[in-house]
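# Inside the fold
Residues per chain, in single letters:
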Amino acid sequence: DAGDRNPGIGLRYLHAQKDAGFAIADAPRVFAFPADHASHPRYRTEWWYFTGNVESESGAKYGFELTFFRVALGQPETAAERRSPWAAKQVWMAHFALTDVARMRFAASERMARDALGLAGAREDPIRVWVKGWSAERSGSGSEERWKLVAENGSTGANLVLTSGELPVLNGDGGRDQKGPEAGNASYYYSLPRLNVSGTLTVEGRPVPVTGDAWMDREWSTSALGEDIAGWDWFGLRLSDGGSVMFYRLRRRDGTAD
């Protein structure tokens, strides 16, 4: 998974904001699982990011990506209550992509919805995020923990179960990842780099049973990026000796590396 890590999300929501009131990642925190898999509405932005490499019984190889983004429209404690059932304090975005390696084909789609009328949102029991029928839902615990991913767009789709018996990896300094010079230029960030995958992809309208591996990234913040940052490039590697490597580079507006 390489390239810009912000499909459909404005970078202005990741820079410092003039309207204070959201929590910021300015100090270490004690992570608690599974609770931290759920949403953190006191922060302006967050995402659940799943990427994976799988193959069919015949050996055909595929790559997939399913991501969910939340952006607060207003501070949760101060936003005025409105009577309309369409009123929302959060907006959600989701992005789904599928690569068919043998056919050299790539399909991608995205959805956006307000957190109202059940169109999109998050819940804690069970932990679930969704946007217009696409969803990621967690169940089980310990070695039985699993995520179910569901997405469909015309002739392309995914219905996958991801399992892992490993603890999340805390990125940065104990899970606080500094991205700029100011105290608030940071996010809380952890990964599950080695998830086992089984389930079905829909490829050009036909179901394809697959197995393989996936990587999950979780991140939330309010003003993570410095003002001169235009984006970033990211990739993750699962090594044959059982290790994992994650690397990203922040890009300045002039194209140079931060």
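The following paragraphs examine the structure supplied in this document.

The rules behind the values
Residues numbered from 1 in each chain as written. Predicted model: local features only at pLDDT ≥ 70, side-chain atom pairs only at ≥ 80, totals over all residues. Heavy atoms only, no water. Core = buried A, V, L, I, M, F, W, Y, C linked by side-chain atoms within 4.5 Å. Buried < 20%, exposed > 50% of the residue type's maximum accessible area, 1.4 Å probe, protein only. Phe/Tyr/Trp six-rings, centres within 6.5 Å; stacked < 30°, edge-to-face > 60°. Helix = DSSP H or I, 4+ residues; strand = E, 2+ residues; numbered from the N terminus. Lys NZ or Arg CZ within 6 Å of the ring centre and 35° of its normal. Contact = heavy atoms within 4.5 Å.

## A word on the nonpolar core
- Tyr62, Phe68, Trp147, Leu162 and Leu201 are the most contacted members of the largest nonpolar core, which totals 43 residues.
- Among the nonpolar cores identified, the runner-up in size contains 13 residues, and Trp47, Phe69, Met93 and Leu250 belong to it.

## Thoughts on the packing of aromatic side chains
- Counted according to the given criterion, the structure contains 16 aromatic pairs.
- Taking the centre distance of 6.2 Å and the plane angle of 85° together, the rings of phenylalanine 31 and tyrosine 190 count as edge-to-face. Of the two residues, phenylalanine 31 sits in the segment before β1 (45–56) while tyrosine 190 sits in strand β12 (residues 186–203), which places them 159 residues apart along the sequence.
- The exposure class assigned to phenylalanine 31 is buried, which follows from its relative accessible area of 13%.
- On the basis of relative accessible area, tyrosine 190 is assigned to the buried category, the value being 0%.
- One aromatic cluster is present, formed by Phe31, Phe33, Tyr43, Tyr188, Tyr190 and Trp220 through successive ring pairs.
- The lysine or arginine in question, arginine 29, covers the ring of phenylalanine 31, its NZ or CZ lying 5.0 Å from the ring centre.
- Against the face of tryptophan 48 rests arginine 218, its NZ or CZ located 4.1 Å from the ring centre.

## Some thoughts on the environment of arginine 82
- As for its placement among the helices and strands, arginine 82 is situated in the loop between β2 (61–72) and β3 (90–100).
- For arginine 82, a relative accessible area of 56% translates into the label exposed.
- Leave out the neighbours within four places in its chain, and arginine 82 touches Ala87 and Ala88.

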